[in-house]
Amino acid sequence: MTIARDNLMSLQSHILAEEAKHPSATGDFSWIISAISLAGKVIAHKVRRARLEGVLGDQGTINVQGESQVRMDVIANDIIMRCLGSRASVAVLASEEQEEPTILRRGREGGKYCVLFDPLDGSSTLDTCGTVGTIFSILRNDAEVPDAERTVCQPGRQQIAAGYILYGPSTVFVITTGYGVDLFELDPHIGSFLLVTSGVRMPQRQKTYSVNEANSASFPAEYQRYLKWAHGEGYSSRYIGSLVSDFHRTLMKGGVFMYPPTQANPSGKLRLLYEANPIGFIAEQAGGVSMSGGVRTLDIEPAKLHQRVPLVVGSVEEVGHVLRHA
Ligand code: AHM
Ligand code: MG
C-alpha cells in the first residue's frame, strides 16, 4: 500500500496514466470516470446543503424495490443521469431508483459501456447527518444483446471497473479497474479528487463484525452460530446502516460486513448488480473476500436487474470464520 504524499495526482490524471499503459485504449473510459467524478462533486455539494435547502425527508414516492424514496435519492439519481447521459460511449444506465435501464445509444452508435449505480446508498441516515455514498459498476455493453436488462445482467467478475464515493467528513473516491484499489480524496478548495493511497490492502483479520443484529432471530442458523462464537471471542460490533460506510470501515480496518437473509428479506436485502458486485470487486482487489449464499459473489449469474443477494464481505480470516459455521 503506497501513501501518496509527495506527488500530487488527480483522479483524472491517474486514469489517463493507467489508460496510457494500454495501447489500444481510446480514452472513452476516462470520460466515464470523469463524469462520475463530476457527479460525485455535485452530489457532495448537495448533501452538505440539503438541510439548508430543505430537501431532506421523504419524496412521498415508492421505488421499484418497494422502498420509500427520500428526496435526495431522486436528486442524486438525476445528477448522475445528467452527468453520464452526455458521454458518447455510455450505452445503458441502470439505477436502483429506476425500474428499467435507460438505453442511451446502441452498440453501433458507439455505446461501449453500461454504468450501473446506487445513487445515494444509506440515504435513510441522511436526516440524522449520517454518512452516505454513491456506488457504481461499469460493464462492457454487449452490442449483440438487444434487451437492456439482459445486457446489464453480467456476472460481477466481468466488471471492468467499480467504486464508490463516500460523502462523510471528507469526500472519498475509491475505485478499482482490476489492478488493485486506489483511494482519492476531494480537495474542496481546488475541486479535484487527489490520490491519497494507491494499492489499498484490507487487513487480513480484525475482531469486528458489522450486521443489523436486531434481525438475528430470523437469520439462518449458521449466522446465529457465528454470532454466538464471536460473542465468546471478544468481538466488537460496528453498524451504521449505510453499506458504503460500513464497508469502507471494513476495507480500511478489517473485519466482516454481513447482510444475511432475514424474514423480511429472504434473499438478503442488498442488490447484486449495483451494491454487492461493486463492493465485492473492491474487496477482492484489496485482498479480501466476498461471498453470497455460499458462492463467490462475483460468480453469480444475475437473473434480473434488481436482484437481491445475501452478502458476507471483508477480511479473509473474518469471512472464513463466518463460513466455517455453515
Ligand atoms: P438503500 O440502498 O435504499 O439505502 O438500502 C440499502 C441500505 C444499505 O446501505 C445498508 O447496508 C442497509 O440498507 C441497511 O439495512 P437495515 O436498515 O435493514 O439494516
Ligand atoms: Mg443502497
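Residues numbered from 1 in each chain as written. Chains lettered and ligands numbered in written order. Predicted model: local features only at pLDDT ≥ 70, side-chain atom pairs only at ≥ 80, totals over all residues. Heavy atoms only, no water.

Enquirer: Whenever I open this one, the overall build of the protein chain confuses me. Can you help?
Expert: Of regular secondary structure, the protein chain possesses 8 helices and 19 strands. Its C-alpha atoms give the protein chain principal-axis dimensions of roughly 55 × 45 × 45 Å. Each of the 326 residues in the protein chain was classed as buried or not, and the buried ones make up 54%. A sequence separation of at least 24 residues applies to 65% of the contacts in the protein chain between residues at least 6 apart. For the protein chain, the exposed surface amounts to about 14100 Å²; the carbon and sulfur share of it is 50%. Charge-centre separation for the protein chain: the mean point of 31 positive side chains lies 3 Å from the mean point of 34 negative side chains. (Helix = DSSP H or I, 4+ residues; strand = E, 2+ residues; numbered from the N terminus. Buried < 20%, exposed > 50% of the residue type's maximum accessible area, 1.4 Å probe, protein only. Contact = heavy atoms within 4.5 Å. Areas by Shrake-Rupley, 256 points an atom, 1.4 Å probe, with all protein chains shown as cover. Lys, Arg positive; Asp, Glu negative; His and termini not counted. Charge placed at Lys NZ, Arg CZ, Asp CG, Glu CD.)

Enquirer: Please clarify how the environment of T128 should be interpreted in this entry.
Expert: Note that T128 resides in the loop between β6 (113-121) and β7 (132-140). Taking the C-alpha atoms as reference points, T128 and A214, 86 residues apart in sequence, are found 20 Å from one another.

Enquirer: When you look at empty space enclosed by the protein in this model, what are you seeing that I'm missing?
Expert: Summary: where empty space remains is shown by rolling a probe the size of a single water molecule over the atoms. In the structure shown here, the tally under the stated rule is 1 cavity of 30 Å³ or more. In this model, the largest cavity occupies a volume close to 60 Å³. Taken together, A35, I36, A39, I80, L84, V115, F117, T134, F136 and I165 make up the lining of the largest cavity. Those elements that provide at least two residues to the lining of the largest cavity are α2 (28-49), α3 (71-85), β6 and β7. With 3 residues, the single largest contributor to the lining of the largest cavity is α2. Residues that form the lining of the largest cavity fall into these classes: 9 nonpolar, 1 polar and no charged. (1 Å grid on protein atoms, 1.4 Å probe; cavity = no way out; pocket = protein on both sides within 12 Å on 5 of 7 lines; lining within 4 Å. Points joined across faces, edges and corners; volume = space filled by probe spheres on them. Nonpolar A, V, L, I, M, F, W, Y, C, P; charged D, E, K, R; others polar.)

Enquirer: Where do I start with the state of the cysteines in this structure?
Expert: Covalent bonding between the sulfur atoms of two cysteines defines a disulfide. For the structure on display, the rule yields 0 disulfides. You can see C83 has no disulfide; the closest cysteine sulfur is in C114, sitting 19 Å from it. (Disulfide = S-S within 2.5 Å.)

Enquirer: Explain the site of ligand 1 to me, please; I cannot follow it from the model alone.
Expert: Around ligand 1, the structure places 17 residues, and the nearest of them are G122, N212, Y239, L243 and Y259. Taking E96, its side chain carries an N or O atom lying 3.0 Å from an oxygen atom of ligand 1. L243 is positioned with one of its backbone polar atoms (N or O) 2.6 Å from an oxygen atom of ligand 1. For ligand 1, whose unbound accessible area comes to 460 Å², protein coverage reaches 83%. For ligand 1, the cavity whose grid points lie within 2 Å of the majority of its atoms is the largest pocket. Taken together, the residues of the shell around ligand 1 break down into 5 nonpolar, 5 polar and 7 charged. (Near = heavy atom within 4 Å. Polar contact = N/O pair within 3.5 Å; in protein donor to acceptor, adjacent residues only side chain to side chain. Sits in = over half its atoms within 2 Å of the grid points.)

Enquirer: What is the right way to look at the nonpolar core in this model?
Expert: A general tendency of soluble globular proteins is for nonpolar side chains to be buried together. Counting 41 residues, the largest nonpolar core has I36, L84, V115, L120, I138 and F173 as its most contacted members. With 9 residues, the top contributor of residues to this core is α2. With near-sequence residues (within four places) excluded, L120 lies in contact with I43, V47, M72, D73, A76, L126, V132, G133 and Y167. Of all hydrophobic cores here, the second largest spans 26 residues; its members include V172, V200, M202 and I300. (Core = buried A, V, L, I, M, F, W, Y, C linked by side-chain atoms within 4.5 Å.)

Enquirer: What is the right way to read the sheet that holds strand β19 (residues 311-314) from this model?
Expert: Hydrogen bonding along the main chain pairs the strands of a sheet, whether they run parallel or antiparallel. Read from one edge of the open sheet, 6 strands run β13-β12-β14-β19-β16-β17, paired in mixed fashion. Since the sheet does not close on itself, it has two edges, and those belong to β13 (236-237) and β17 (295-296), each with one partner. Strands in contact with helix α7 (residues 272-285) are β16 (289-292), β17 and β19; relative to β19, the strand with the most contacts, it is inclined by about 30 degrees. (Pairing = 2+ DSSP bridges. Axes fitted to C-alpha atoms, helices over the stretch in contact; angles between N-to-C directions.)

Enquirer: I'm lost on the coordination of the magnesium ion (ligand 2) in this one. Help?
Expert: Where a metal carries four tetrahedral donors, each ideal angle is 109.5 degrees; where it carries six octahedral donors, the ideal angles are 90 or 180 degrees. The protein atoms that coordinate the magnesium ion (ligand 2) are D118 (OD), D121 (OD) and E275 (OE), at distances of 1.8 to 2.1 Å. Here the donor residues of the magnesium ion (ligand 2) share one chain and are spaced in sequence as D-x2-D-x153-E. The exposure class assigned to D121 is buried, which follows from its relative accessible area of 7%. (Donors = N, O, S within 2.8 Å, 3.2 Å for Na, K, Ca; no water.)

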